[in-house]
Amino acid sequence: MDKLHYVELPNFKTLSPFISDLALNIHINDHHIPYEKKMIRIDPDIIKYNLDFIINNSDKFNKTIMNCARQIWNHNFYWKCLSISNDIAQYTTTKEFFFKYFNIDKICEAGMNLFGSGWVWLVYNNNEFTIISTPNGDIPHGIIIMNIDIWEHSYYIDHCGNKLQFMRNLLKYLINWEFIHKNLSLIDKYKLYNLTDY
């Protein structure tokens, strides 16, 4: 494989049986990695810039490069949100806090209500926890706790297009609580919750 400048591959080998190896490999090799190849093909000098710089300077790059950069960032973050081998007991408080503010039905509703392709985001912004969806590769403002890829390639192979089943399985079995804890630790409200542990 050619050297990757921006794509961060998952640190897990499998998410089976909840996401098949076939679906995972197609997602990475036919969708995630090609965004980087397309960027470099359009502008070979793009590798002089880091990904955050590109995303935060949309006036300096064309629309296609910006779309690719956002999708790379979104996927890099998404893989970190997922795991099949977590010590859940260690993050009981994290899980309680998470579902106190992010209701599974509301998360799924946000995904189901998005027309076309995009992402669901669990975000802390303006002192509020919010569940939002964005089309295509758009990235919301605020502290991002978690995202879910709801482009068809995420769920079509394993779930025959059943987006709702895909989201429910992911939220039930595949959350990387260590990464969620890391993201929530940026928020004072979570720090206080951990101290009081109520």
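Residues numbered from 1 in each chain as written. Predicted model: local features only at pLDDT ≥ 70, side-chain atom pairs only at ≥ 80, totals over all residues. Heavy atoms only, no water.

**Some details on the sheet that holds strand 3 (residues 143-149)**
1) Next: One open sheet holds the three strands; their spatial order is 2-1-3, and the pairing between them is antiparallel. Both edges of this open sheet fall to strand 2 (128-135) and strand 3, since each of them pairs with a single strand only. Taking each pair of neighbouring strands and ignoring which way they run, the sheet shows an average axis angle of 20°.
2) Next: Strand direction decides the pairing type here: strand 1 (residues 118-125) and strand 2, joined by eight bridges, are antiparallel. Considered in strand 2, the bridge of V123 is made with T130. (Pairing = 2+ DSSP bridges. Helix = DSSP H or I, 4+ residues; strand = E, 2+ residues; numbered from the N terminus. Axes fitted to C-alpha atoms, helices over the stretch in contact; angles between N-to-C directions.)

**As for the pattern of salt bridges**
1) Next: In this structure the tally under the stated criterion is four salt bridges.
2) Next: Across the pair R168 and D105 runs a salt bridge, and its minimum N-O distance is 2.5 Å. Here D105 lies in helix 5 (residues 104-113) and R168 lies in helix 7 (residues 163-173), a separation of 63 residues in the sequence.
3) Next: By relative accessible area, R168 is classed as partly exposed at 36%.
4) Next: A salt bridge links D188 to K191; its shortest N-O distance comes to 3.8 Å. Within this pair, D188 and its partner K191 are both found in helix 9 (residues 188-196), separated by three residues, close to a single helical turn.
5) Next: A relative accessible area of 54% means that D188 is categorised as exposed. (Salt bridge = Lys/Arg side-chain N within 4 Å of Asp/Glu carboxyl O. Buried < 20%, exposed > 50% of the residue type's maximum accessible area, 1.4 Å probe, protein only.)

**As for the packing of aromatic side chains**
1) Next: This structure, assessed with the given rule, holds 22 aromatic pairs.
2) Next: Residues F97 and Y193 carry aromatic rings whose centres are separated by 5.0 Å and whose planes lie at 70° to one another, so their mutual orientation is edge-to-face. With F97 in helix 4 (residues 92-101) and Y193 in helix 9, this pair connects stretches of sequence that are 96 residues apart.
3) Next: Look at Y193 and you get buried, because its relative accessible area is 6%.
4) Next: Aromatic side chains F98 and W177 sit 5.2 Å apart centroid to centroid with 85° between the ring planes, which places their arrangement in the edge-to-face category. Here F98 is found in helix 4, whereas its partner W177 is found in helix 8 (residues 177-184), with 79 residues between them in sequence. (Phe/Tyr/Trp six-rings, centres within 6.5 Å; stacked < 30°, edge-to-face > 60°.)

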